[in-house]
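Descriptive structure summary
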Amino acid sequence: MLLHIPGVLDREQVAAMRARLDTTGWVDGRTTVGAQGAQVKRNRQLGDTSPLAIELGQVILTALANHPLFFAAALPLRTIPPLFNSYAGGEHYGAHVDGAMRRLPGSGAWVRTDVSSTLFLSAPEDYDGGELIITDVYGEHEVKLPAGDLILYPSTSIHRVEPVTRGARVCSFFWTQSMVRDDLRRAMLFELDQNIQSLRARLGDCPELVGLTGHYHNLLRQWSEA
Ligand code: NI
């Protein structure tokens, strides 16, 4: 499931982040990927032990913790602290799949990457190119969102970032291990949850909605792992 989540960060939060990021030192993005990724990755990143990345990442994690749509769609169990990247002057990232397992910094615990997120920190009119292209069974999807918005997609997808030919594309990106590993099951739970919520807004509570809510939780109980 591909899901656009608007307004994870507001305009002021994005501006405050950009003010810090635009005056920081970036490193070669190839330091954080495996051999296949390194061949196709041309961008700059903040190192994952960078104090600035840790500080700004915490702001994003706090915003997500208060975001019901992110919770409903990702059913997050563990999220890797957000990383930050920048593309300019033709930089790009060729087709790849994100690594399946990553270590949680500090604890060393493994996190399985079920859900990938990209949070845009540049306004689309401030750069040319830089589209995130995600491939699924329905074909290729081109994603370029307003600053502060997030795209959530299954980590199993092949994806790439097109060359940035004007301006700079600054984003945060991170991975989540979901309580529900399977993307189809996660998408079905999300659809059920969203329909229950819209029915409840229209009809108020009624016995059928209590039954459907119970059905949602019983499916989640069947399919979740923690
Ligand atoms: Ni990737």
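Residues numbered from 1 in each chain as written. Predicted model: local features only at pLDDT ≥ 70, side-chain atom pairs only at ≥ 80, totals over all residues. Heavy atoms only, no water.

With respect to the overall build of the chain
Along its length, the chain carries six helices and 17 strands. Structurally, the chain occupies a C-alpha span of about 60 × 35 × 35 Å along its principal axes. Within the chain, buried positions represent 44% of all 226 residues. Pairs at least 24 residues apart make up 77% of the contacts formed inside the chain by residues separated by at least 6 positions. Side-chain charges of the chain comprise 21 positive and 25 negative groups, with the mean position of each set lying 5 Å from the other. (Helix = DSSP H or I, 4+ residues; strand = E, 2+ residues; numbered from the N terminus. Buried < 20%, exposed > 50% of the residue type's maximum accessible area, 1.4 Å probe, protein only. Contact = heavy atoms within 4.5 Å. Lys, Arg positive; Asp, Glu negative; His and termini not counted. Charge placed at Lys NZ, Arg CZ, Asp CG, Glu CD.)

Topic: unusual backbone geometry
Although it is not a glycine, Leu75 adopts a positive phi angle of roughly 45°. Assignment of secondary structure puts Leu75 in the loop between helix H4 (68-74) and strand E5 (76-79). Look at Leu75 and you get buried, because its relative accessible area is 1%.

A short note on the packing of helix H1 (residues 11-21) against helix H3 (residues 51-65)
It is the contact of H1 with H3, at a shortest axis distance of 11 Å, that shows an interaxial angle of 170°. When the axes of H1 and H3 are compared, the pair comes out roughly antiparallel. Across the interface between the two elements, Gln13, Met17, Arg20 and Leu21 of H1 pack against Leu52, Glu55, Leu56, Val59 and Ile60 of H3. Grouping the constituent residues of the contact of H1 with H3 by class yields six nonpolar, one polar and two charged. (Axes fitted to C-alpha atoms, helices over the stretch in contact; angles between N-to-C directions. Parallel < 35°, antiparallel > 145°, perpendicular 65-115°, else oblique. Nonpolar A, V, L, I, M, F, W, Y, C, P; charged D, E, K, R; others polar.)

What to know about the packing of helix H5 (residues 183-203) against helix H6 (residues 207-223)
Running from amino to carboxyl end, H5 crosses H6 at an angle of 160°, the nearest separation of the two axes being 10 Å. Considered as vectors, H5 and H6 are oriented roughly antiparallel to each other. Where H5 crosses over H6, the two elements pack in a sense that is left-handed. Residue-level inspection shows Arg185, Met188, Leu189, Leu192, Asp193, Ile196, Leu199 and Arg200 of H5 in contact with H6, the latter providing Leu209, Leu212, Thr213, His215, Tyr216, Leu219, Leu220 and Trp223. Residues that form the contact of H5 with H6 fall into these classes: 11 nonpolar, two polar and three charged. (Left-handed = near helix turned anticlockwise from the far one by under 90°.)

A look at the domain arrangement of the chain
Looking at the chain, the domain boundaries give domain 1 (3-178) and domain 2 (183-223). If you average the C-alpha positions of domain 1 and of domain 2, the two centres end up 30 Å apart. Between domain 1 and domain 2, the contact holds 10 residues from the first and eight residues from the second. For the pair domain 1 and domain 2, the summed buried area comes to about 650 Å², and 68% of that belongs to carbon and sulfur atoms. Counting the contacts that link domain 1 with domain 2 gives zero salt bridges. Remark: the boundary between domain 1 and domain 2 carries zero residue pairs in polar contact (both at pLDDT 80 or more). Across the side of domain 1 that touches domain 2, the residue classes break down as eight nonpolar, one polar and one charged. (Domains from an automatic or database assignment. Buried area = accessible area lost by both parts, 1.4 Å probe. Salt bridge = Lys/Arg side-chain N within 4 Å of Asp/Glu carboxyl O. Polar contact = N/O pair within 3.5 Å; in protein donor to acceptor, adjacent residues only side chain to side chain.)

Here's the deal with the packing of aromatic side chains
What the rule picks out here adds up to two aromatic pairs. Here the aromatic rings of Phe173 and Trp175 are separated by 5.6 Å at their centres, their planes lie at 90°, and the arrangement is edge-to-face. Summarising the burial analysis for this pair, Phe173 and Trp175 share the class buried. Over the aromatic face of Tyr127 sits the side chain of Lys144, whose NZ or CZ is 4.3 Å from the ring centroid. (Phe/Tyr/Trp six-rings, centres within 6.5 Å; stacked < 30°, edge-to-face > 60°. Lys NZ or Arg CZ within 6 Å of the ring centre and 35° of its normal.)

What to know about the pairing of strand E13 (residues 139-143)
One ladder, built from five bridges, connects strand E12 (residues 132-136) with E13; its direction is antiparallel. Bridging from a neighbouring strand, Asp136 pairs with Gly139 of E13. Following E12, the chain reverses through two residues before pairing antiparallel with E13. (Pairing = 2+ DSSP bridges.)

Side note on the nonpolar core
The tendency in soluble globular proteins is for nonpolar side chains to be buried side by side. Counting 28 residues, the largest nonpolar core has Leu9, Leu21, Phe84, Leu121 and Leu152 as its most contacted members. Of all the secondary structure elements, the ones that give two or more residues to this core are strand E1 (3-5), H1, H3, H4, strand E10 (115-120), strand E14 (150-154) and strand E17 (168-178). The element that contributes the greatest number of residues to this core is H3, accounting for six residues. Apart from the residues within four sequence positions on either side, Leu152 is in contact with Met1, Leu2, Leu3, Ile5, Phe70, Ala73, Ala74, Val115 and Ser116. (Core = buried A, V, L, I, M, F, W, Y, C linked by side-chain atoms within 4.5 Å.)

Considerations on the layout of surface pockets
Approximately 410 Å³ is the volume attributed to the largest pocket. Listing elements by their share of the lining of the largest pocket, those giving two or more residues are helix H2 (35-40), strand E6 (83-88), strand E7 (92-96), E10, strand E15 (159-161) and E17. The greatest single-element share of the lining of the largest pocket, amounting to four residues, is contributed by E17. A per-class count over the lining of the largest pocket returns 11 nonpolar, 12 polar and four charged. (1 Å grid on protein atoms, 1.4 Å probe; cavity = no way out; pocket = protein on both sides within 12 Å on 5 of 7 lines; lining within 4 Å. Points joined across faces, edges and corners; volume = space filled by probe spheres on them.)

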